Amino acid sequence: MKIRTKDVARIANVSTATVSRVINGSPNVSEKTRQRVLMAIESLNYKPDIFAKNLAKKRFYEIGIGCPDEVFRGIESSEYQFYVKVFEGIQDYFSRKKCNYSIFPFSMLNERDGVEEKDGFLLVGGGISEGIIEKFQDIGKPFVLVDQFISGYDVDCVISNGFDGEYKLIKRFLKTGYRKIIYIHNVAKHFSYEQRMIGYRRAMREKSLEPVIYDFAEGQDLKLILKRILDDNKELELIAVFEDRYAIDVIEYLKELGKKVPEEIGVLGFDNIISSTSCQPSLTTVHVPKEEMGSLAAKRLFDLLNKEDISPVQISLFTKVLMRKSAKLR
């Protein structure tokens, strides 16, 4: 039978709260009571969980949250809606564990500003590169990637299932008779972007339709790309965009070019950021469980810190299609 805190409290003739205070190293317990509780723990061979043991030693984990500079600025300003939500999930988990954490941009790595003294790391952002992974492997502390996976590196990561989300989204419209669906793809080396494009291709080819993909790179003029899409595809019905932020821009650019959304051309996004509900028309998109992504990554890091289930894992969260007004089913 598993020994519980209440069993220790009964033997020591104290409250369960007092037992917890002793385990957590609280000074608000008399030495006599502390010794009575410790004797009860020993007599029952009670084993508190690993995290509680660390607390009893006043061991609070120091966590570093590293991210590309763009993500760091976006979280600090609350403008990068996707990662703000991911970070909220991380904060929620850490607040319950009462640990210390700090966030830093990768550009600080060369400054050695106490980074290597952290107990473990969460590395957040699709812009994480092979070089960043190798730097943290050299540091030798546990770390978990959040929203990125790179083949050839067996490191823990938490991602969303971009392939399945985009596949289900495109298939939903193909089933109702759509045929001319264009995809705008971000060429940045981001695992989720690649998987979303592959999901689009699979759905199109299952209907014996040729995928039509236009590449976009950060810094390019999206409006010029959109004009080229309209010139090249006179019977265009639907534009699927790799990410909500840019899908919202596409809606605005189409309006500027005299196109009605969704009456003439529909627009699809991906991520379900807050702005996707407030834009006009509201954006049909794919929901990514961003807070859960953050909290699961934080939980996985604690497993590694506590040397539990240490074999590297990839945790992939399923997504959900959300039908709104920027595209209509037939």
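Just above sits the structure.
So, how was this worked out
Residue numbers run consecutively from 1 along every chain, following the written order of its sequence. Selection of residues for local features in this predicted model requires a pLDDT of at least 70, selection of side-chain atom pairs for listing and counting requires 80 or more, and totals for whole chains, interfaces and linings are taken over all residues. As a rule here, side-chain values come from all non-hydrogen atoms in the structure, and water together with hydrogens is ignored. By definition, two strands form a pair when at least two bridges between them are found by DSSP. Note on conventions: DSSP H or I runs of at least 4 residues are helices, E runs of at least 2 residues are strands, and numbering of each starts at the N terminus. Fitted lines through C-alpha atoms serve as axes, helices being fitted only where they are in contact, and the angles separating the N-to-C directions of these axes extend from 0 to 180 degrees. When the strands point away from the viewer, a crossover counts as right-handed if the route from the first strand across the helix to the second turns clockwise. Residue contacts are defined here by distance: any two heavy atoms, one from each residue, within 4.5 Å place the two residues in contact. Using a 1.4 Å probe on the protein chains alone, a residue whose accessible area is under 20% of its type maximum counts as buried, one over 50% counts as exposed, and one in between counts as partly exposed.

A.B. asks: Sorry if this is basic, but what is going on with the sheet that holds strand β3 (residues 120-124) here?
C.D. replies: Backbone-to-backbone hydrogen bonds join strands into a sheet, with any given pair of strands oriented parallel or antiparallel. Overall, parallel pairing links the 6 strands, which are arranged β2-β1-β3-β4-β5-β11 in an open sheet. For this open sheet the edge positions go to β2 (100-105) and β11 (314-317), each flanked by a neighbour on one side alone. Across this sheet, the average inter-strand angle for adjacent strands is 20 degrees, counted without regard to direction. The pairing of strand β5 (residues 157-160) with β11 spans 4 bridges and is parallel. When the sheet's bridge partners are listed, serine 160 is paired in β11 with leucine 317.

A.B. asks: Any chance you could explain the pairing of strand β7 (residues 212-216) here in plain terms?
C.D. replies: Residues in a regular strand project their side chains so that they alternate between the two faces of the sheet. Here strand β6 (residues 181-186) pairs with β7 via 5 bridges, running parallel. Each residue of the ladder has a partner; that of isoleucine 182, found in β7, is valine 212. Once you follow β6 into helix α9 (residues 191-206) and on to β7, the crossover reads as right-handed.

A.B. asks: Sorry, what's going on with the sheet that holds strand β8 (residues 238-241) here?
C.D. replies: Read across the sheet, 4 strands follow the order β7-β6-β8-β9 without closing on themselves; strand pairing throughout is parallel. Across the chains shown, the open sheet's two edge strands, defined by having one partner strand only, are β7 and β9 (266-268). Between one strand and the next, the sheet's axes are offset by a mean angle of 20 degrees, whatever the strand orientation. Across the sheet, α9 touches β6 and β7, and the angle it forms with β6 is around 160 degrees.

A.B. asks: How should I be thinking about the pairing of strand β1 (residues 62-67) in this particular structure?
C.D. replies: Within β1, 5 of the 6 residues are buried, which leaves the element mostly enclosed by the surrounding structure. Summarising the sheet, β1 and β2 pair through 6 bridges and their orientation is parallel. Considered in β2, the bridge of glycine 66 is made with phenylalanine 104. Both β1 and β3 contribute to a ladder of 4 bridges, which runs parallel. Within the sheet, the bridge partner assigned to glycine 64 lies in β3 and is phenylalanine 121.

These values are about where atoms sit, not about what they do.
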